[in-house]
Amino acid sequence: MRWTAGGSLVEFSVYIVSNASMTLYVGMTNDIERRVAEHKVKETRGFTSRYHFDRLVWFENFSEPEDAIAREKELKGWSRARKLALAKLANPEWEDLSRDW
């Protein structure tokens, strides 16, 4: 099934946000730009606002929500070291991939 919003294809993203001390949070969303902005302004109370996540360090897009959910669950089951290695392989400078959004 293809998901649409207003006639356009919706992408589902699995992402890792981090902070200067490299604390990690894995999430899934249907609007990565909106969701990363919410993390940055600490819109939702809890873990992500407490740890001041200020950068998107890794993401992967999917066309089907079931695939994104499965990938999110997979990553959440990984060790911290393995998640760090994934993000650093794709983003060795630990830059904010959303800085130009």
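Located above this text is the structure these notes cover.
Residues numbered from 1 in each chain as written. Predicted model: local features only at pLDDT ≥ 70, side-chain atom pairs only at ≥ 80, totals over all residues. Heavy atoms only, no water.

Caption draft 1: Layout of the overall build of the chain. A tally of helices and strands in the chain yields four helices and five strands. In terms of overall size, the chain behaves like a compact globule, its C-alpha atoms giving a radius of gyration of 14 Å where 101 residues would be expected to give roughly 13 Å. Along the first, second and third principal axes, the C-alpha set of the chain runs to 40 × 25 × 25 Å. A burial count over the chain gives 41% of its 101 residues as buried. Summing over all exposed atoms, the chain offers an accessible surface of approximately 6,100 Å²; the carbon and sulfur share of this is 50%. (Helix = DSSP H or I, 4+ residues; strand = E, 2+ residues; numbered from the N terminus. Rg over C-alpha atoms; globule rule 2.2 N^0.38 Å. Buried < 20%, exposed > 50% of the residue type's maximum accessible area, 1.4 Å probe, protein only. Areas by Shrake-Rupley, 256 points an atom, 1.4 Å probe, with all protein chains shown as cover.)

Caption draft 2: Representation of the pattern of salt bridges within the structure. By the definition in use, this model includes nine salt bridges. Between Lys40 and Asp96 there is a salt bridge, with its nearest N and O atoms 2.5 Å apart. Here Asp96 lies in the segment after helix H4 (80-90) and Lys40 lies in helix H1 (residues 32-40), a separation of 56 residues in the sequence. Given a relative accessible area of 14%, Asp96 falls into the buried group. For Lys76, the salt bridge is made with Glu72, and the minimal N-O distance between the two is 3.2 Å. Taken as a pair, Lys76 and Glu72 lie in helix H3 (residues 65-76) at a separation of four residues, close to a single helical turn. Given a relative accessible area of 44%, Lys76 falls into the partly exposed group. By relative accessible area, which is 15% here, Glu72 ends up buried. Linked by salt bridges that have partners in common, Asp31, Arg34, Arg35 and Glu38 make up one network. (Salt bridge = Lys/Arg side-chain N within 4 Å of Asp/Glu carboxyl O.)

Caption draft 3: Spotlight on the nonpolar core. Counting residues in hydrophobic clusters, the biggest one holds 16 residues, and the most contacted among them are Val14, Ile16, Trp58, Leu75, Leu86 and Trp94. Among the secondary structure elements, those contributing two or more residues to this core are strand S3 (12-18), strand S4 (24-29), strand S5 (55-62), H3 and H4. The contacts of Val14, once residues within four sequence positions are left out, are Val26, Gly27, Met28, Trp58, Phe59, Glu60, Phe62, Ala68, Arg71, Glu72 and Leu75. By size, the runner-up hydrophobic cluster in this structure holds six residues, among which are Tyr15, Val17, Val36 and Leu56. (Core = buried A, V, L, I, M, F, W, Y, C linked by side-chain atoms within 4.5 Å. Contact = heavy atoms within 4.5 Å.)

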